[in-house]
Amino acid sequence: MNIISLSWRYLWSRPLAGALNLLLMTLGLTSITFVLLASHQLERAFERDLAGIDVVVGAKGSPLQLILAGVFHIDVPPGNIPLAEVKALAEHPQVAQLIPLSLGDSFRGFRVVGTTADYVAHYQAKLARGALWAVPMQAVLGAQVAATTGLNIGDRFTGAHGLDGGGDSHEQTPYTVAGVLAPCACVLDRLILTATESVWKVHEDMHGTDTPLDAEDQAALEAERQVTIALIRYKTPLAAVTFPRYVNSGTGMQAAAPAVEITRLLGMVGVGTRVLQGFGVVLLLTAALGVFIALWSAVRERRADLAMLRMLGAPPAKVGALLLCEALWLALLASALGLLGAHGLTAVAGWLLQGEKSLAVDAWQWVPIEAWVPVGAVAVAGLAAALPAWAAYRVDVARLLNVR
Amino acid sequence: MIETFDLAFQHPGGPSLRFPDVSVPQGGTLLLQGPSGSGKSTWLALAAGLLRPSQGEIIVAGQPLHPLGARALDAWRAGAIGLLPQKLYLSEALTVAGNLELAYFAAGLPVDDAAVARTLEALGVADLAHRKPAQLSGGQAQRVALARAVLREPQVILADEPTASLDDAACEAALALLGASASGCGATLVIATHDRRVSEALPQARRLLFSNQMAVIPSPIGHEAL
């Protein structure tokens, strides 16, 4: 019998009260940890998908919309931009790499993105099976797309017009699955990739030209060709100063710096995060109050037990430490359950986001800041237990001996 | 052995109690007699080192208590004193055996399972070792509390009203048990009681008579006996 096992037995000597306090404290810790995890995951998802993209060029409109549509694929793009101008940008001396993206169609809610092999290489995605597209109308599926739709190599599917499904289907121009990507925990997981030409082909065919085009028509068609967004990596960081200004004032397009826009977005989301965090703190304080009340009544109820310990020769410090130890048990148990609960909640949130084909969330990743959860819990429980422990320290033994 | 010299205790903001000198040899028996509220429990608390006298000296089990600091007093009490309070203070959070183990926990010693089993056996409650105190009868609970008091073979056993609310047969049995337990470890036995049956059952014991007037009357026989 030592102070650790004895305080454990005392904690559960009144199971209902013990469980209630544990529940209260666990709820407080769960909500705080969940907010920490969620904001970390959000930032990580942004960072991962943004890596190496210095600027995004697209049609004029909201810069944040451009970033959300072009990098994260969670918003509709503001419009299209002429291919010729994009080609000119690619030749710009400050541009190291330009990846064009053509949006417009989707398959069962997953976006079909016309692009180049550079896009796959940019996220260092690997093929799980099959190969990249070699000719137009071949498609490569992201891991989540393949898992959800059940499509496999050689299968054919037709895209629907529009980004959220439900549009006209392009029956005449089906895609053939050429490959499936391994999960990369990035935006590619929920995209269907194909050659830029495929998207043009689908939409040019849609405009019903049954007769073969002559050279003049073909040239006119090519001059009208568009892409939706260009992801650009600079040659030098200095370009960040001049390049966006050049695009915004010198062309009909818009350049948006992801870093700036995401900071702005997180600033907006941050209000919500802070509200949630505040809510967690209130829960935790309630829990601390619960622990305090529980231990205080434990001291009152157990005054006899504590006095008896003193009669048996236990020094006052030992009696006080017994109560502190009980609070520590509560804190450690609640920390473990709270961390588990928060990761579980994150997993549920990740599952819901995946259902909405939104950001990828890795629920079971542990974040260094979580180490502060048990530290905080112990501090709160210790603080709550301090007064009861002091009362236990001071328990008047002689009084309990019927001394008047 | 217990000796007091000029012992007095001042209740904070209350009356002052003066106790006559008394001397009991090691292994002897002392009865503190008087109505409830006359200071018997205060005397017990002084002897256990739970209260400090405002005046005078008390030597218990050969140890003068006044030079001991708080920690030393606690450590001394853990080894030298077996206390059987009127309210038994058995912890409901623990089993009977667990309650005995508390004595080791309080003293900061490893649990001696063999001693626990032996003592429960000696007091005839070995089969109750895994029960909770709430499942015991009054007599059984007292035996368990006595087992805890004598577990570490103290030099002095202090019992507060051990026969209150017991019928004659149970009273006799309780006193026999106390006597046997005390002589088993050679302990000095001090019993605070207002029960005449105790006085009658222990004719050779030394006595201190307490009165309700807060003044202590030294018993004439107290100094003649033995």
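Residues numbered from 1 in each chain as written. Chains lettered and ligands numbered in written order. Predicted model: local features only at pLDDT ≥ 70, side-chain atom pairs only at ≥ 80, totals over all residues. Heavy atoms only, no water.

**Notes on the overall build of chain B**
- Along the backbone of chain B there are 8 helices and 11 strands.
- Relative to the 2.2 N^0.38 estimate, which gives 17 Å for 226 residues, the radius of gyration of chain B is 17 Å and therefore close to what a compact globule would have.
- Across its three principal directions, the C-alpha atoms of chain B cover 45 × 40 × 35 Å.
- Taking all 226 residues of chain B together, the buried fraction comes to 54%.
- Restricting to contacts in chain B with at least 6 residues of sequence separation, those with at least 24 account for 69%.
- Surface exposure of chain B reaches about 9,300 Å², of which carbon and sulfur atoms provide 54%. (Helix = DSSP H or I, 4+ residues; strand = E, 2+ residues; numbered from the N terminus. Rg over C-alpha atoms; globule rule 2.2 N^0.38 Å. Buried < 20%, exposed > 50% of the residue type's maximum accessible area, 1.4 Å probe, protein only. Contact = heavy atoms within 4.5 Å. Areas by Shrake-Rupley, 256 points an atom, 1.4 Å probe, with all protein chains shown as cover.)

**Some points on the pattern of salt bridges**
- Enumeration according to the criterion identifies 7 salt bridges over all chains in this entry.
- The partner of Arg197 of chain B in a salt bridge is Asp195 of chain B, with the nearest N and O atoms 2.9 Å apart.
- Note on Asp195 of chain B: relative accessible area 13%, which makes it buried.
- One connected set of salt bridges, linked through shared partners, spans Arg310 of chain A together with Asp74 and Arg77 of chain B. (Salt bridge = Lys/Arg side-chain N within 4 Å of Asp/Glu carboxyl O.)

**What about the packing of aromatic side chains?**
- For the coordinates displayed, the defined rule picks out 9 aromatic pairs over all chains.
- Three or more aromatic residues joined by ring pairs make a cluster, and in this case those are Trp8, Trp12 and Trp329 of chain A. (Phe/Tyr/Trp six-rings, centres within 6.5 Å; stacked < 30°, edge-to-face > 60°.)

**Focus: the nonpolar core**
- The biggest cluster of nonpolar side chains holds 118 residues, and the ones touching the most others in it are Trp43 and Val60 of chain B.
- Every residue in contact with Val60 of chain B, bar those within four places of it in the chain, is listed here: Met1, Ile2, Ala47, Leu65, Trp76, Ile81 and Val156 of chain B.
- Of all hydrophobic cores here, the second largest spans 36 residues; its members include Val56, Phe72, Tyr123 and Leu359 of chain A. (Core = buried A, V, L, I, M, F, W, Y, C linked by side-chain atoms within 4.5 Å.)

**Describing the state of the cysteines**
Residues and elements named next belong to chain A.
- Tallying each qualifying case throughout the model produces 1 disulfide over all chains.
- Between Cys184 and Cys186 runs a disulfide, and the two sulfur atoms are separated by 2.1 Å. Negative torsions about the S-S bond denote left-handed disulfides, and the value of about -80° found for Cys184 with Cys186 makes this one left-handed. (Disulfide = S-S within 2.5 Å.)

**A short note on the interface of chain A and chain B**
- Across the boundary between the two partners, chain A contributes 27 residues, which contact 33 residues of chain B.
- When chain A packs against chain B, close to 2,600 Å² is buried across both sides, 67% of that on carbon and sulfur atoms.
- Considering only the surface of chain A that becomes buried against chain B, Met1, Leu312 and Leu401 of chain A emerge as the three largest contributors, covering 25% of it.
- In this assembly, chain A and chain B are joined by 1 salt bridge.
- The tally of links between chain A and chain B comes to 6 residue pairs in polar contact (both at pLDDT 80 or more). (Buried area = accessible area lost by both parts, 1.4 Å probe. Polar contact = N/O pair within 3.5 Å; in protein donor to acceptor, adjacent residues only side chain to side chain.)

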